[in-house]
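So the chains spell out like this:
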Amino acid sequence: MAIERTFGIIKPNAVKACQVGQIISEIEGAGLALRGMRLARLTPEICKEFYQEHVAKPFYPSLESFMVEGPVVLLCLEAEHAIQLWRDLMGATDPAKAAPGTLRARFGADHTRNATHGSDSPASAQRELGFFFGAYDLV
Ligand code: CDP
Ligand code: MG
């Protein structure tokens, strides 16, 4: 398997709670290399485009108001099987169902405020990395 890149977000609840350092430490400890990282403040427009597959779903309004409430950290992570590795490190979408020790179990508050985002496939990783990062932002 070739080296793969994936996209991640440290969501507003975890940034506000000063958990960025702990999450980055877990990322590095899991063997995911940082290839891009920056703070950003999402807007409703950016959020709608980023979460285009969820815009029509009932939970979307609460997701959007959460994602714009404070700064986020945008990440490009690299490893063999990076997409699955990062999903496994995050745990299930709902922190109540996430395995003990996963980031969402540790830092997630509820099904919406779940601390982290991760791409779910090679196609979404490519789209999401390109959405937030230019070539010169990545190393
Ligand atoms: O983030 P993940 O790929 O695990 O889940 P998703 O189904 O793609 O949903 C995207 C995001 O929407 C989640 O990470 C949650 O923040 C939020 N969500 C929610 O608020 N309520 C749900 N029932 C499902 C997802
Ligand atoms: Mg998803």
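Residues numbered from 1 in each chain as written. Chains lettered and ligands numbered in written order. Predicted model: local features only at pLDDT ≥ 70, side-chain atom pairs only at ≥ 80, totals over all residues. Heavy atoms only, no water.

**Student:** Sorry, what's going on with the sheet that holds strand S1 (residues 3–10) here?
**Tutor:** Sheet strands pair via backbone hydrogen bonds, and the direction of the pair is either parallel or antiparallel. In spatial order, the strands read S2-S3-S1-S4; together these four strands make up an open sheet with antiparallel pairing. Looking at the sheet topology across the chains shown, the edges are occupied by strand S2 (33–40) and strand S4 (116–118). Ignoring which end each strand starts from, the neighbouring axes of this sheet average 20° apart. Of the pairings in the sheet, the one linking S1 to strand S3 (residues 72–80) comprises eight bridges and is antiparallel in character. Note that in S3 the partner of Ile 9 across the bridge is Leu 74. (Pairing = 2+ DSSP bridges. Helix = DSSP H or I, 4+ residues; strand = E, 2+ residues; numbered from the N terminus. Axes fitted to C-alpha atoms, helices over the stretch in contact; angles between N-to-C directions.)

**Student:** What exactly am I supposed to notice about the site of ligand 1 here?
**Tutor:** By nearness alone, every residue bordering ligand 1 is listed as Lys 11, His 54, Phe 59, Leu 63, Arg 87, Thr 93, Arg 104, His 111, Thr 112 and Asn 114. Here an oxygen atom of ligand 1 and a side-chain polar atom of Arg 87 are 2.8 Å apart. Between ligand 1 and Asn 114 there is a distance of 2.9 Å, counted from an oxygen atom to a side-chain nitrogen or oxygen. Taken by itself ligand 1 offers 500 Å² of open surface, and the protein chains cover 82% of this. Of the residues that constitute the shell around ligand 1, the class distribution is two nonpolar, five polar and three charged. (Near = heavy atom within 4 Å. Polar contact = N/O pair within 3.5 Å; in protein donor to acceptor, adjacent residues only side chain to side chain. Areas by Shrake-Rupley, 256 points an atom, 1.4 Å probe, with all protein chains shown as cover. Nonpolar A, V, L, I, M, F, W, Y, C, P; charged D, E, K, R; others polar.)

**Student:** Which parts of the structure should I look at to understand the environment of Ile 3?
**Tutor:** By the secondary structure assignment, Ile 3 is in strand S1. The class of Ile 3 is exposed, set by a relative accessible area of 56%. Distance in space between the C-alpha atoms of Ile 3 and His 81 is 7.0 Å, their sequence separation being 78 residues. Those residues in contact with Ile 3, other than ones at most four positions away along the chain, are Glu 78, Ala 79 and Glu 80. (Buried < 20%, exposed > 50% of the residue type's maximum accessible area, 1.4 Å probe, protein only. Contact = heavy atoms within 4.5 Å.)

So, to be careful, I would describe these as geometric facts and stop short of saying anything about function.
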